[in-house]
Amino acid sequence: MKAKVIIRTAGKAQEIQRFLDPHQEMQVGRSPLCQIHVDDRKLSRIHCSFSFSQGSYFIKDNISTNGTYVNQKKISAAEPLKDNDVIRIGDSQLLFNLVQEAEEPTPRQSNLIATKIDLYDIIKYLGGGGNGEVYLAKQSSSETLFALKILKPEAATDPFMVKRFIKEARACASLNHPALIKLYDVGMFEDRPYLVLEYARGRTLSDVIYEKKRLDPIPALKITEPLTSALEYSHGLGIIHRDIKPGNVLVTDDYNEVKLIDMGMVKILNETGLTLAGQTLGTPRYMPPEQIEDAGKTTALADIYGLGATLYSMLAGLPPYYELRTNHLGEMLQYIVSWPPMPLENLAPDVPSSVLSIVQKAMARDPKNRFENAGDMGKEVAKVLQKLASEKTVGKERGQLDQAE
């Protein structure tokens, strides 16, 4: 059985519709990490949540500041929901509706049906996340391939998501670095904004880690080095990525081409108007404590932490905080703020101390103890990589001599 909520927020002309997933708990709040994001200053970051159990949907308050009300009654425990129940949180109203089978979104509806968008022929669906879809496309007048990224229809009705998408376009437009994706065009299709981006060959680093289980230190550092250069460049332009993780890195099989993708969480320094104090942006297991506590005060040092966490994941074959098993976002965020992750040496005892030191410094919980900037991290990565490569060459030559004797 499926259900949906229709969200009406004071001062916002447009209603937003969100379908509930009976297979997972869905958090509601002003944090963009929530599955149901509501742009309402009176909400807590994670205000309440929906869940499904024993044939019924329930709503539970998450010890929010201003409370959760069902049909004007403030709830203190998980409250079962009926069709047409009215939920009030902050200055927003959520109308709960059970969904008839014909109403349920089908997989086909989640993909783009059009075969042509303006000047671009759509070739195939490449993938997507919670709010966007990415397609392989080419210009009608040439054979040049592009990645066309477009907001999903439901996300395009959310002004917050549209603003973030436009912000990504502005950030990409100013970037010109071999390890960063280039932006070629921006447009609108059926009230949905889209970006036309460089099509980078390769796989996500998360797919590579899944296949390889663990990466040896040399290829892990080989992937990390161009990313430090990309961050040094973007930070110099006042742009912070804020979501560095294996899923946002593309690599070729020989690791010679590395691209940092998805500027959807970007922060442009000295710019205001999108991120509110207290909001959390990014992917929890790769986020530093200060970004969880207040994303509005995030600095470039958050990207250094994220890159250190990505290197951790390559070497361990597991993300930081893999030991934390919970589906509750609030519990995860609180744990990360309070405790460091499992030491890398416990998971990968064969990693050289020089490499461990890079991870430890990049992931220091106190930003003051991290590398001062991405350039400094890059220099250390290059130095250690050169040393490891030299040692490997010497070891190989010794092995060949032993065989000859």
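Our subject is the structure listed above.
All of the points below concern the structure found in this document.

What counts, and at which threshold
- Residues numbered from 1 in each chain as written.
- Predicted model: local features only at pLDDT ≥ 70, side-chain atom pairs only at ≥ 80, totals over all residues.
- Heavy atoms only, no water.
- Helix = DSSP H or I, 4+ residues; strand = E, 2+ residues; numbered from the N terminus.
- Buried < 20%, exposed > 50% of the residue type's maximum accessible area, 1.4 Å probe, protein only.
- Contact = heavy atoms within 4.5 Å.
- Areas by Shrake-Rupley, 256 points an atom, 1.4 Å probe, with all protein chains shown as cover.
- Core = buried A, V, L, I, M, F, W, Y, C linked by side-chain atoms within 4.5 Å.
- Phe/Tyr/Trp six-rings, centres within 6.5 Å; stacked < 30°, edge-to-face > 60°.
- Lys NZ or Arg CZ within 6 Å of the ring centre and 35° of its normal.
- Axes fitted to C-alpha atoms, helices over the stretch in contact; angles between N-to-C directions.
- Parallel < 35°, antiparallel > 145°, perpendicular 65-115°, else oblique.
- Left-handed = near helix turned anticlockwise from the far one by under 90°.
- Nonpolar A, V, L, I, M, F, W, Y, C, P; charged D, E, K, R; others polar.
- Polar contact = N/O pair within 3.5 Å; in protein donor to acceptor, adjacent residues only side chain to side chain.

A tally of helices and strands in the chain yields nine helices and 22 strands. Buried positions account for 50% of the 405 residues belonging to the chain. Sequence-distant contacts, at least 24 apart, represent 57% of the contacts inside the chain between residues at least 6 apart. Carbon and sulfur atoms provide 50% of the accessible area of the chain, an area that totals close to 19,900 Å².

Let's shift gears to the nonpolar core. Ranked by internal contacts, the top residues of the largest apolar core, which has 74 residues, are Leu 221 and Ile 223. No other element matches helix H5 (residues 301-316), which puts ten residues into this core. Not counting chain neighbours up to four residues away, the residues in contact with Ile 223 comprise Leu 205, Leu 215, Val 251, Tyr 255, Val 258 and Met 314.

Our next topic: the packing of aromatic side chains. Inspection of the entire model under this criterion finds six aromatic pairs. Sitting over the face of the ring of Tyr 69, Arg 88 holds its NZ or CZ atom 4.3 Å from the ring centroid. Against the face of Tyr 210 rests Lys 213, its NZ or CZ located 5.3 Å from the ring centre.

Here the focus is the packing of helix H3 (residues 217-236) against H5. Put simply, H3 and H5 touch, their axes get as near as 10 Å, and they point 165° apart. Classified by the angle between their axes, H3 and H5 sit roughly antiparallel to one another. The handedness of the crossing between H3 and H5 comes out as right-handed. Mapping the contact onto sequence places Pro 217, Ala 220, Leu 221, Ile 223, Thr 224, Leu 227, Thr 228, Leu 231 and His 235 in H3 and Asp 303, Leu 307, Leu 311, Met 314 and Leu 315 in H5. Broken down by class, the residue content of the contact of H3 with H5 amounts to ten nonpolar, three polar and one charged.

Let us now look at the side chain of Asp 85. Within the secondary structure, Asp 85 is located in the loop between strand E9 (79-80) and strand E10 (86-89). Since its relative accessible area comes to 4%, Asp 85 is described here as buried. A polar contact is formed between the side chain of Asp 85 and the backbone nitrogen of Lys 82, at a distance of 2.7 Å. The residues contacting Asp 85, other than those within four sequence positions of it, are Val 70, Asn 71, Pro 80, Leu 94, Leu 95 and Phe 96.

Coordinates in, geometry out; function isn't part of it.
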